[in-house]
Amino acid sequence: MRDPRINFRSRELAAVLAFLVPGAGHYYQGRKLKAGIFFSGILTLFFGGMALADWQPVYSRVVYSTRPNSAVQIDTKEASYGSNFSLGYAAQAAVGLPALPAMLQQMRFSNDGGVVNTLTTDIASRFSGVVRLNDRYLPVSGQLSLSPGPIGTAQGAFAGSTTDGTSFRIEVAGAVRMGREVFGSPHRFFMLTGINGAEIQGQEVLELQGSIDRSFPNWYQAPRDNEELDRLHNKLSHLFDIGAVFTWIAGLLNVMAIWDAYEGPAYGFGDEEPEDEDNTKSGTRKRPASMEQTVTKD
Amino acid sequence: MPRTMPALIYALPLTAIISVVYSATRYELPEKIFQSALSMFVKTVIALAILYGLLWYLSS
């Protein structure tokens, strides 16, 4: 039974507000202490979990890759391969607005055309990967700057260093191939083939293959594949799981907070007198005198 | 044992937040909320410590 001392205002609106932003429904009802508890507690748990898991524990779908090295280059539309709803997201979604970008990213991911073979805008990004020389692959990292060239090609410069610390700067031009635009990884597959005229350590550079940065709006809460999850576990170990659990629990706690905004506290106001033997037998609970008066007046 | 300690540390803030938020959904009075939350936190931490001690004993 709802306690008459609580002003619920519009309970439906309060529940919707409580879903969208933890504590907002209670603030609307004037229950400011509870609003503060839910807002700070639930959002601290949610964003604390996000930070622990490198801001990547929230995603609505997982794609199951079967081909080697497909994690960074899924080259077909989503409908072409199997993907499963992430059960964890069912809990995370209850946090409301902070977890809703995953739904938007799901739509963007589904409409994404896959691998990009044409550069339409300039790229200036970190690059990490390998260069293919005549007789070997050489691990390198550095800054890549490219502009669109004739159809399917790009041209620009790569300034980087090898693992032994040797710095170099080469002019590159060739056919470009990049991983899909929207994907749940900050690393985007990148490949430049058919390079001519560039040299490192006296050998001709034939190809660049590795990853560039994917912009934050294109990876945050976006669907990813099992290989990306493996990479996260490899990088973060148990912290990724702990962070994910934090975000799940934050969502589940907000379910209770939403119900509290709609129906009031589950055990009562908190000033009820302890049950005596008679009350226990009859199954009734004594209300405080202040509440009895309120009920009588109504 | 030292390798597992850092992970266990995360149980403390998690338990604290769960206790406060859960208690806030059970009662309306601030003093009752915090009294209930403190009680729940202490009981949960003790239960976790006993469970951890038992598992540590069985695995040592």
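Shown above is the structure to which this text applies.
**Thoughts on the packing of helix H3 (residues 32-52) of chain A against helix H8 (residues 238-263) of chain A**
Angle between the axes and distance between the axes are the two parameters that describe a pair of packed helices.
Residue and element names in this part refer to chain A.
And step 1. In contact at an axis separation of 7 Å, H3 and H8 are set at 160° when each is read in the N-to-C sense. The angle between the axes of H3 and H8 places the two elements in the roughly antiparallel class. The two elements H3 and H8 meet at a crossing, and its hand is left-handed. Facing H3, whose interface residues are Phe38, Ile42, Leu45, Phe46, Gly48, Gly49, Met50 and Leu52, H8 presents Leu239, Ile242, Gly243, Ala244, Phe246, Thr247, Ile249, Ala250, Leu253, Asn254 and Ala257.
And step 2. Partitioning the contact of H3 with H8 into residue classes produces 14 nonpolar, 5 polar and no charged.

**Side note on the nonpolar core**
And step 1. Among the nonpolar cores identified, the biggest contains 49 residues, and Ala18, Ile42, Ala250 and Ala257 of chain A together with Val21 of chain B are the most heavily contacted of them.
And step 2. Broken down by secondary-structure element, the contributors of at least two residues to this core are helix H1 (11-20), H3, helix H4 (87-92), helix H5 (101-111) and H8 of chain A together with helix H2 (11-26) and helix H3 (30-59) of chain B.
And step 3. Beyond its immediate sequence surroundings of up to four residues, Ala18 of chain A is in contact with Ala24, Gly25, His26, Ala257, Ile258 and Ala261 of chain A.
And step 4. The next biggest cluster of nonpolar side chains, apart from the first, holds 21 residues, and it includes Met178, Phe190, Met191 and Ile212 of chain A.

**Focus on the sheet that holds strand S2 (residues 83-85) of chain A**
Residue and element names in this part refer to chain A.
And step 1. Strand order across the open sheet formed by 3 strands is S2-S1-S11, with mixed pairing between neighbours. Since the sheet does not close on itself, it has two edges, and those belong to S2 and strand S11 (224-225), each with one partner.
And step 2. Sheet analysis places strand S1 (residues 61-63) next to S11, joined by 2 bridges and oriented parallel. In the strand pairing of S11, Val63 is matched with Asp225.

**Examining the pairing of strand S7 (residues 187-193) of chain A**
All names here are of chain A.
And step 1. Counting buried positions along S7 gives 6 out of 7 residues, so the element sits mostly inside the fold.
And step 2. The pairing of S7 with strand S10 (residues 207-213) spans 7 bridges and is antiparallel. Residue pairing across strands places Met191 opposite Gln209, the latter belonging to S10.

**Some thoughts on the packing of H2 of chain B against H3 of chain B**
All names here are of chain B.
And step 1. Where H2 meets H3, the closest approach of the two axes is 8 Å, and the angle between their N-to-C directions is 140°. Between H2 and H3 the crossing geometry is right-handed. Here Ala11, Thr15, Ala16, Ser19, Val20, Tyr22, Ser23, Ala24 and Arg26 of H2 come into contact with H3, specifically with Ile33, Ser36, Ala37, Met40, Phe41, Thr44, Val45 and Leu48.
And step 2. Across the contact of H2 with H3, the residue classes tally to 11 nonpolar, 5 polar and 1 charged.

Conventions and cut-offs
Sequence positions are assigned chain by chain, starting from 1 and proceeding in written order. Here every chain gets a letter starting at A, and every ligand a number starting at 1, in the order they are written. For this predicted model, a pLDDT threshold of at least 70 governs which residues receive local features, and a threshold of 80 or more governs which side-chain atom pairs are given and counted, while totals over whole chains, interfaces and linings are taken from all residues. Axes here mean lines fitted to C-alpha atoms, for a helix over just the part in contact, with angles spanning 0 to 180 degrees between N-to-C directions. Strands are runs of DSSP state E lasting at least 2 residues, helices are runs of H or I lasting at least 4, and numbering of each runs from the N terminus. Each angle receives one of four descriptions, namely roughly parallel if under 35 degrees, roughly antiparallel if over 145, roughly perpendicular if within 65 to 115, and oblique otherwise. Rotating anticlockwise by less than a right angle from the far helix to the near helix defines a left-handed crossing, while the corresponding clockwise rotation defines a right-handed one. Placing a C-beta atom from the backbone of each residue, one calls two residues in contact when those atoms lie within 7 Å. Any residue outside Ala, Val, Leu, Ile, Met, Phe, Trp, Tyr, Cys, Pro, Asp, Glu, Lys and Arg is labelled polar, Gly included; the first ten of those are nonpolar and the last four are charged. Joining buried Ala, Val, Leu, Ile, Met, Phe, Trp, Tyr and Cys residues through C-beta atoms within 7 Å gives a set, and that set is a nonpolar core. Partly exposed residues are those whose C-beta has more than 12 but fewer than 20 other C-beta atoms within 10 Å; with 20 or more the residue is buried, with 12 or fewer it is exposed, and the C-beta atoms are placed from the backbone. The rule for pairing is simple: two strands pair if DSSP sees at least two bridges between them.

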